[in-house]
Amino acid sequence: MKVPLEAPYEMAPGIVAGIDRTIVRVTTSDGAVGLGEAPSPGDAEALLGELGQQLVGRDGSEVLAALGCIERPAASHRRDGKVLIRNPLAGVEIALWDLEARNAGVPLHRLLDDTLRNEIAFTEYFAYRDGLEQSPCDIAAYCARMIEEHDSPAFEGKLGVRPVEDDVELVREVRAAIGPTRTLRLDANMGWRLETARRALALLEPFDVANVEEPVGSFAEMAELRQSTAIPFSAHTPDIGLASELGAPDVLVIGLGFCGGIAGTVRFIAECEDAGVGFWFYSGDLGIATAAYLHIAAATPYVDRPSQSLLRWTTDDVIVGGPFSPEGGVVPVPTGPGLGVELDEDAVARGVERFSRQGPYDFYAGPRLPRY
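For clarity, every value in this text was computed on a predicted model and none was experimentally measured. (Residues numbered from 1 in each chain as written. Predicted model: local features only at pLDDT ≥ 70, side-chain atom pairs only at ≥ 80, totals over all residues. Heavy atoms only, no water.)

Estimated volume of the largest pocket: approximately 750 Å³. For the largest pocket, the lining is made up of 27 residues, of which R25, V26, T27, L55 and V92 are closest to its centre. Of all elements in the fold, only β3 (22-27), α1 (43-48), α2 (50-53), α3 (60-68) and α4 (88-104) reach the threshold of two or more residues within the lining of the largest pocket. For the lining of the largest pocket, the element with the most residues is β3, which contributes six residues. Here the lining of the largest pocket is composed, by residue class, of 13 nonpolar, 10 polar and four charged. In this structure, the second largest pocket occupies an estimated 620 Å³ of space. If you go around the second largest pocket, you meet 31 residues; those closest to its centre are R21, V83, L84, F363 and Y364. (1 Å grid on protein atoms, 1.4 Å probe; cavity = no way out; pocket = protein on both sides within 12 Å on 5 of 7 lines; lining within 4 Å. Points joined across faces, edges and corners; volume = space filled by probe spheres on them. Helix = DSSP H or I, 4+ residues; strand = E, 2+ residues; numbered from the N terminus. Nonpolar A, V, L, I, M, F, W, Y, C, P; charged D, E, K, R; others polar.)

The following block contains the structure:
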């Protein structure tokens, strides 16, 4: 299914106009329903075909245990800014967790561990957006408005889409707009060459940047950059061992798809903690997967820094009352049984109709990376 954003935004690999996902509904023989979300619209074909048929008639708890034990694939080091995950069983695993918690009559985080927090922190996104923010001053004004309207304490924005001098002007304007105490993260999406990144980071140091995501394309280059800057780095490539060995990136940023769902993600976070590598969730999921993030973070001490969020820009969703909306930089953890969300059938129909009519979004159609 397909959900548009408020306006297309620009990042180094191309234009992002919306979100494509597969929604999973698992129904038991007694009529109980669990909801899941898979990371690719292509996952629907597999679940409607032979893979899905292999699950029909099996005991849900046994399937959940089996899926939770599947070893995640080896991390593949990308050479560009594309983050494409296909894992249809992740959606099934999430739905089975939803069922388990619903059957137990408790919120999902109660099955994972003790409740540590009732609100989960997210960043506020900023970028050049078609028809909206087209200049550093426009973006700075948008950030100021988010503070006024939503008391947003943390911001994360896209760089690497214009020359470095423009990026520095953007960061200068945003820092002035949000003040000296709010968190400011940046994301270059592999848009810089090593020498460009080194120059950019030196120019950005005065603005108290909390993190730069993927300033360059490889962990080895990030380790080299580490010699010349104190700014921390993050990346989407989930290679805990190499990050720990090289000392860069400092943080790994993924969703549920790569790890196969909730249990695998909980293990991944624990491995990050053991290795001294940070973790937060990435942006771009719909309400079911976001609810799963909320429950994992509620029960996991190590997920204590703001995760990424496109929630403010998402115009539709698949859950009743969605999308989630951060206020004061946090989203309350759902308190109902299971994931604590319900499917909005009309919204699902809208998303399916959009996908049938328009096909998937092509948001990696920008120039070859690195841009600069």
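Right, let's get into the environment of A248. Here A248 lies in the loop between α10 (240-246) and β11 (251-254). What makes A248 buried here is its relative accessible area of 0%. When the C-alpha atoms of A248 and E224 are compared, they prove to be 8.9 Å apart, with 24 residues separating the residues in sequence. (Buried < 20%, exposed > 50% of the residue type's maximum accessible area, 1.4 Å probe, protein only.)

It is worth spelling out the sheet that holds strand β7 (residues 154-158) at this point. Strand order in the open sheet formed by seven strands is β6-β7-β8-β9-β10-β11-β12, with parallel pairing between adjacent strands. In the strand order of this sheet, the two ends are held by β6 (124-126) and β12 (278-281), each with one partner. For this sheet the average axis-to-axis angle between neighbouring strands, irrespective of direction, equals 25°. Sheet analysis places strand β10 (residues 233-235) next to β11, joined by two bridges and oriented parallel. Across the sheet, the residue bridging to S234 is V251, located in β11. Contacts from helix α6 (residues 136-150) reach β6 and β7, with the element oriented near 165° to β6. (Pairing = 2+ DSSP bridges. Axes fitted to C-alpha atoms, helices over the stretch in contact; angles between N-to-C directions. Contact = heavy atoms within 4.5 Å.)

This brings us to the side chain of Q308. Positionally, Q308 belongs in the loop between α12 (287-299) and β13 (330-332). Leaving out residues up to four positions away in the same chain, Q308 has contacts with F122, T123, Y125, E156, E213, H236, V253, W280, F281, Y282 and S283.

Okay, unusual backbone geometry next. Cis peptide bonds are those with omega within 30 degrees of zero, and the linkage from A248 to P249 qualifies with 0°. Tracing the sequence through the fold places P249 in the loop between α10 and β11. Located in the positive-phi region is D151, a residue other than glycine, with phi close to 55°. Turning to its location among the elements, D151 is positioned in the loop between α6 and β7. A positive phi angle is found at M190, which is not glycine, with a value near 65°. Of note, M190 is situated in the loop between β8 (183-187) and α8 (194-204).

A separate point is the packing of aromatic side chains. Scanning all chains against the criterion turns up eight aromatic pairs. Judged by centre distance (4.2 Å) and plane angle (10°), the rings of F281 and Y293 are stacked. Of this pair, F281 sits in strand β12 while Y293 sits in helix α12, and the two are 12 residues apart along the sequence. The residues F281 and Y293 share a single accessibility class, namely buried. Seen from the ring of Y128, R162 lies directly overhead, with NZ or CZ sitting 3.5 Å from the centre. Residue placement shows R185 over the ring face of W280; its charged tip is 3.5 Å from the ring centre. (Phe/Tyr/Trp six-rings, centres within 6.5 Å; stacked < 30°, edge-to-face > 60°. Lys NZ or Arg CZ within 6 Å of the ring centre and 35° of its normal.)

Take the pattern of salt bridges next. As enumerated under the stated definition, the model contains 23 salt bridges in all. Close ionic contact of R86 with D43 constitutes a salt bridge, the shortest N to O distance being 3.9 Å. A residue pair is termed long-range when its members are at least 10 positions apart, and R86 in the loop between α3 and α4 and D43 in helix α1 qualify at 43 residues. Taking relative accessible area as the criterion, R86 reaches 59% and is therefore assigned exposed. Among the salt bridges present, the one from R145 reaches E149, with a minimum N-O distance of 3.5 Å. (Salt bridge = Lys/Arg side-chain N within 4 Å of Asp/Glu carboxyl O.)

Time to look at helix α11 (residues 262-275). Over its 14 residues, α11 extends 20 Å from the first C-alpha to the last, a length consistent with the 20 Å expected when each residue adds 1.5 Å. Within α11, burial applies to I262, A263, G264, T265, F268, I269 and C272. Once α11 finishes, G276 follows within two positions and takes phi at roughly 75°, a positive value. (Expected span 1.5 Å × (residues − 1).)

What follows is about the nonpolar core. Ranked by size, the top nonpolar core spans 106 residues in total, and within it Y9, F126, L186, W192 and L204 carry the most contacts. Residues contacting W192, with those up to four places away along its chain left out, are L159, G160, V164, D167, A197, A200, L204, V212, P215, V216, P370 and Y372. (Core = buried A, V, L, I, M, F, W, Y, C linked by side-chain atoms within 4.5 Å.)

This part is about the side chain of D285. When you line up the elements, D285 lands in the loop between β12 and α12. A polar atom in the side chain of D285 sits 2.7 Å from the side chain of R21. The contacts of D285, once residues within four sequence positions are left out, are I19, R21, E37, T290 and Y293. (Polar contact = N/O pair within 3.5 Å; in protein donor to acceptor, adjacent residues only side chain to side chain.)

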